[in-house]
Amino acid sequence: MGLLALGTPLEWPEAKKVASKVRSWGIEQLLAIWGNAKGKERAALLWGDEIEYLVVCYDEQNRKVRLSLRQADILAALASDEKLLQEGGGVPDVQRGPVKEAEITAPVFHPEFGRFMLEATPGKPWGIGFKDLLDVEPNMKWRRTIAKDHMDKSEYPITLTTFPRLGSPDCIVPSYPASGPKLRSQYVPDEIANPHIRFPTLAANIRWRRGRKVEINVPVFKDEKTQWPFKDPTVNRDLHQWPEDDDVRNGAAKDNHIYMDAMAFGMGSCCLQITFQAKNIQEGRTMYDQLSPLGPILLALTAATPIYKGFLADTDVRWNQISRAVDDRTPEELGEKPLQNGRWRLPKSRYASNSTYISQDPRLRPEYLDPDLVVDQDIKQRLVQGGMDDLLATHFAHLFIRDPIVVFAEDLETLDLSKADHFENLQSTNWQHMRFKPPPPNSDMGWRVEFRPMEIQITDFENAAFSIFIVLITRAILSFNLNFYLPIQRVTENMETAHKRDALGTEKFWFRKNPFSSHGSSTGTSTPAEGSRPPTPFGPVEDEYEQMTINEVINGQHSADGDRFPGLIPLVESYLDSMNVDVETRCDLARYLDLIRKRADGTYWTAAKWIRHFVQTHPKYEKDSVVNDEITFDLVKAAEQITREEGRDGLGKEMLGKRR
């Protein structure tokens, strides 16, 4: 979660007046960090994961499940648990115990946008040791147990990406009327958002800046009896409470789409995020670039979001819905009106796929960069004057084309170069699928990279598997100096492809054919190049990549002439071979890699496919795309059972196999 500062927030007309000042001060803070930390070295890689939960509340008597809005009560209980605090756990925003360097430290919990959400992280960062990797799954299970122990008997922390009927009548407890002054939504009340002043202000100012509510239209899945053309039956075109109620009368709700109108429909989604600390800025920039093309692959591989607002969608992932839920672009910036007051047209929302590469890598060809990248040239010039190189200056000058959305009056009194509040104001509200994170001032943290595209999985086993897989990929990238560069526009295209229903099984993604560098290994480890084509760094860029299935990307291509992409899992296994991992640890890691391997080749289903199949085979489903209360109750109950049993009883075996 981003900054949770306290103060007096400015409404948008006032925040707009000081936007330039906030950007300017943010850049000065960034340059101060750059000057102090550009030579910073850390001895070892550290990393961490973030798990987000939906808190559901069961009404067993009426076979109904709702979202519980008791986030504050649950966090208060966690922050006052003496045993948890003694073990180093708690809630950092309220109270937590001391980190135990030589012992196991309990997990910590954090607020999220939705009052029905919790975030949990390990109590201290993971190290790179292989034994650390084997602690991830037990720690994730421990987090869920702790969370559940601080909830009511009728509540449970579920790891579904979205609540299937969010925005439907009677979907939250306690109940509140919709259409409050901040969100002005037809479907959800203002009370659904965390009451910390940052969150309602963020939602209100995004709406105010746009000049209308956010507009989220998700293609509906057309089943045998789905009304067609589909006109979302939940849309009320006769509301006249707020000026924005005109949106639907002006065409905001599209035919054959599920319509949603508030930030909660995006920021109320759960995901799995991994943050890596690099040993220095160069390693961080390399990880940022090389992990970027993997983002769409992991998004499709973790697909888990086939339902919105009680309807089956014709997409499988959350990304674009969150993008639209925080899209603050004006009609001019969207290209709907001629530019008069705006500075430029903006092709992407502030929640979007990456648009930049940042590594000073001789393999980074100009053709990989976005020729139409929008950059604030004045900010770029100031960064370059301050000593930053052109590539990184371009990256931050691109992020700073946005306006700050939440500005606190107290922060505008003096510029404090020992803080990063103005820089983080812009940095933390650019939600790209990778985030490059400078060290916080006055801390011993290093340069960090956040990998953000993955969907949360139903079980802790799956979430641990994907976390461990990404960690091992970064190790292979750095050990073998792997090269996954693609033109950044192809990465953007792949992100769109990842949204398609069953993209994992039916679609192809642009990917680099030869991952091996012509510059040798960065660490002296031998490159596992058997069967790979010789590098051709100066040929046409288009010859460097082709469309591959996810199975080919993950497990490798097979061809008689040996001219093939080796596959990410074989590359990871080559890395493990080079590290002489002991047999027992190798066998334990193999369980996780086997899940990824079989998910990629179609043996195991994605959660999206499993959920869709559950709905379509439910006796109460009428083949009309509607996911009613009873189906939702059974689905959430089934997800909880799978969380506990992980396929051992046969439920969910399509996702996990029959586990012992």
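Below is a summary of the structure that appears in this document.

Rules behind the numbers
Residues numbered from 1 in each chain as written. Predicted model: local features only at pLDDT ≥ 70, side-chain atom pairs only at ≥ 80, totals over all residues. Heavy atoms only, no water. Axes fitted to C-alpha atoms, helices over the stretch in contact; angles between N-to-C directions. Helix = DSSP H or I, 4+ residues; strand = E, 2+ residues; numbered from the N terminus. Parallel < 35°, antiparallel > 145°, perpendicular 65-115°, else oblique. Left-handed = near helix turned anticlockwise from the far one by under 90°. Contact = heavy atoms within 4.5 Å. Buried < 20%, exposed > 50% of the residue type's maximum accessible area, 1.4 Å probe, protein only. Expected span 1.5 Å × (residues − 1). Bend = angle between axes of the 7 residues up to and from the residue. Nonpolar A, V, L, I, M, F, W, Y, C, P; charged D, E, K, R; others polar.

### Description of the packing of helix H5 (residues 130–149) against helix H19 (residues 583–600)
Interaxial distance between H5 and H19 falls to 10 Å at its minimum, and their mutual angle equals 45°. Overall, the two elements H5 and H19 adopt an arrangement that is oblique. The two elements H5 and H19 cross, and the hand of that crossing is left-handed. Side by side, H5 and H19 meet where Phe-130, Lys-131, Leu-133, Leu-134 and Glu-137 of the first sit next to Thr-585, Asp-588, Leu-589, Arg-591 and Tyr-592 of the second.

### With respect to the environment of Ile-51
Among the secondary structure elements, Ile-51 is positioned in strand S1 (residues 46–59). Residue classification places Ile-51 among the buried positions, given a relative accessible area of 0%. If near-sequence neighbours (up to four positions away) are discounted, Ile-51 is found in contact with Leu-118, Glu-119, Ala-120, Met-140, Arg-143, Thr-159, Cys-271, Leu-272, Ile-456 and Asn-463.

### Re H5
For H5, built from 20 residues, the straight-helix expectation of 28 Å at 1.5 Å per residue is met to within 8% by its first-to-last C-alpha distance of 30 Å. In H5, a bend of some 30° at Val-136 exceeds every other bend along the element, and Pro-138, a proline, comes one to four places later. Taken as a whole, H5 has its buried residues at Phe-130, Leu-133, Leu-134, Val-136, Glu-137, Asn-139, Met-140, Arg-143, Arg-144, Ile-146 and Ala-147.

### Details of the packing of H5 against helix H14 (residues 460–480)
Put simply, H5 and H14 touch, their axes get as near as 9 Å, and they point 150° apart. By the angle between their directions, the pair H5 and H14 is classed as roughly antiparallel. Here the hand of the crossing between H5 and H14 comes out right-handed. For the pair H5 and H14, contact is made by Phe-130, Leu-133, Val-136, Glu-137, Met-140, Lys-141 and Arg-144 and by Asp-460, Phe-461, Asn-463, Ala-464, Ser-467, Ile-468, Val-471 and Leu-472, respectively. Taken together, the residues that form the contact of H5 with H14 break down as nine nonpolar, two polar and four charged.

Treat this as a map of the structure, not an account of what it does.
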